[in-house]
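Architecture at a glance
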Amino acid sequence: MVETVEFFRTPDAAFVGRPDYPFAPNWLTWQGLRIHYLDEGPRDGPVALLMHGEPTWSFLYRRMIPGLVAAGYRCIAPDYAGFGKSDKPVDDNWYVNERHIQLVRHLIETLDLNRITIFVQDWGGPIGLRQAVDMPERFERLAILNTWLHHAAYEYSDAIRSWRAQATNPVWLRWTDGDLPVGGIMAWTSARPGADREMLRRAYEAPFDGGRSKAGPRRFPWCIPFGEPEAGNAVDQERCFEALKRWDKPAHFIFGDRDPIFTAAWGAQWAAQVPGATFDTVPNASHFCQEDNGEAIVETFLARRGARQWP
């Protein structure tokens, strides 16, 4: 039985006038919600599955899609429930990590995706790497950007602890009526030289209409596993972290060099635990590395595809 949830649907007009996002929308239904995804490139090519995090949407990958399509990839970029053009349940408690995981699994199975290279960043790591661990037969390569998987030995940075403390502060939430400054976050954190910060603010604020519509991005900080291990799927994250130590297909770690949340040092440490993995950094890229230097990420990935002979 499908659970009935109240949701906000962003009017199509909110997304008009974005010449840097010329992609046609695609839709599927999951649990009574309309879910948006991009589907660009040759249908018979290998798949690049592009996983966003918090508080972004498929717009984050606009700088990477052209280069991947030119290299022959079919690019699939979903918006999770609560983000982008997808429907947005308005109950904060609806959002636990497992729901995002099940949504993405539904997309993979509905589209019958195979030969997948998955690109993951931020919450896209726990959501996307779970797919590769649970359905390895559908995947041929990993591209791990600035992200993590929770495990007992993981040392959370001061930056992520500070972010959770601020975003879950009840005084702040009451004062702002839960209206998380999504657009402002993206504008303030960009490390791209010459970034158009007002464009970024508008583009990342476009999916929302005040605090009620922002339950999805508002909820993710609560789900960080050191705070809410069940909502954040701490046990499954650790299971996936351990499983990747036995990963027998190509894996490429590509981290922005200026991220204070998931640092390049952490990326190098993690890559050393995955058999045969490569590790690179891209310059002028902070936490939202796709936004800051997505073109360099694609160039690095394409150069690395033949870098090692895997078992």
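Above this note sits the structure.
What about the overall build of the chain?
Counting its regular elements, the chain contains eleven helices and ten strands. In terms of principal-axis extent, the alpha carbons of the chain reach across some 55 × 50 × 40 Å. Put simply, 77% of the contacts in the chain that link residues at least 6 apart link residues at least 24 apart. Here the chain displays about 12,300 Å² of accessible surface, and carbon together with sulfur accounts for 51% of that area. In the chain, the 34 positive side-chain charges and the 40 negative ones have mean positions that sit 2 Å from each other.

A look at the pattern of salt bridges
Scanning the model with the defined rule gives 24 salt bridges in all. The salt bridge partner of Glu228 is Arg219, with a shortest N-O separation of 2.8 Å. The exposure class assigned to Glu228 is partly exposed, which follows from its relative accessible area of 22%. Through salt bridges with shared partners, a single network forms among Asp20, Arg62, Arg63, Arg192, Glu291 and Glu295.

A look at the layout of surface pockets
In this approach, a probe sized like a water molecule rolls over the atoms, and the result shows the empty space that is left. There is about 420 Å³ of room inside the largest pocket. Lining the largest pocket we find 23 residues, and of these Trp163, Ile185, Thr189, Ile261 and Phe288 sit closest to its centre. Among the secondary structure elements, those contributing two or more residues to the lining of the largest pocket are α4 (158-167) and α6 (182-189). Each residue belonging to the lining of the largest pocket can be placed in one class, and the counts come to 17 nonpolar, four polar and two charged.

What to know about the packing of aromatic side chains
Summed over all chains, the structure comprises 22 aromatic pairs. A centroid spacing of 4.7 Å and a plane angle of 90° characterise the contact between Tyr154 and Tyr156, whose relative ring orientation is edge-to-face. Per residue, the accessibility class of Tyr154 equals that of Tyr156, and both read buried. Across from the ring centre of Phe15, 5.2 Å away, lies the NZ or CZ of Lys85, which sits over that ring.

What about the side chain of Gln237?
By the secondary structure assignment, Gln237 is in helix α9 (residues 234-244). A distance of 2.7 Å separates the side chain of Gln237 from the backbone nitrogen of His150, its partner in a polar contact.

Overview of the packing of α6 against helix α7 (residues 197-205)
Interaxial distance between α6 and α7 falls to 7 Å at its minimum, and their mutual angle equals 145°. The two elements α6 and α7 meet at a crossing, and its hand is right-handed. For the pair formed by α6 and α7, the contact residues are Val182, Gly183, Gly184, Met186, Ala187 and Trp188 on the first element and Arg197, Leu200, Arg201, Tyr204 and Glu205 on the second. Across the contact of α6 with α7, the residue classes tally to six nonpolar, two polar and three charged.

Let's talk about the nonpolar core
Within the largest apolar cluster, 59 residues are counted, with the highest numbers of intra-cluster contacts made by Leu49 and Trp270. Considering each element in turn, this core owes the most residues, six residues, to helix α2 (residues 97-111). Each residue touching Trp270, except ones within four places of it in the same chain, is listed here: Leu129, Ile144, Thr147, Trp148, Leu149, Phe241, Leu244 and Phe253. Among the nonpolar cores identified, the runner-up in size contains 40 residues, and Leu60, Leu180, Met199 and Ala206 belong to it.

What counts and how
- Residues numbered from 1 in each chain as written.
- Predicted model: local features only at pLDDT ≥ 70, side-chain atom pairs only at ≥ 80, totals over all residues.
- Heavy atoms only, no water.
- Helix = DSSP H or I, 4+ residues; strand = E, 2+ residues; numbered from the N terminus.
- Contact = heavy atoms within 4.5 Å.
- Areas by Shrake-Rupley, 256 points an atom, 1.4 Å probe, with all protein chains shown as cover.
- Lys, Arg positive; Asp, Glu negative; His and termini not counted.
- Charge placed at Lys NZ, Arg CZ, Asp CG, Glu CD.
- Salt bridge = Lys/Arg side-chain N within 4 Å of Asp/Glu carboxyl O.
- Buried < 20%, exposed > 50% of the residue type's maximum accessible area, 1.4 Å probe, protein only.
- 1 Å grid on protein atoms, 1.4 Å probe; cavity = no way out; pocket = protein on both sides within 12 Å on 5 of 7 lines; lining within 4 Å.
- Points joined across faces, edges and corners; volume = space filled by probe spheres on them.
- Nonpolar A, V, L, I, M, F, W, Y, C, P; charged D, E, K, R; others polar.
- Phe/Tyr/Trp six-rings, centres within 6.5 Å; stacked < 30°, edge-to-face > 60°.
- Lys NZ or Arg CZ within 6 Å of the ring centre and 35° of its normal.
- Polar contact = N/O pair within 3.5 Å; in protein donor to acceptor, adjacent residues only side chain to side chain.
- Axes fitted to C-alpha atoms, helices over the stretch in contact; angles between N-to-C directions.
- Left-handed = near helix turned anticlockwise from the far one by under 90°.
- Core = buried A, V, L, I, M, F, W, Y, C linked by side-chain atoms within 4.5 Å.

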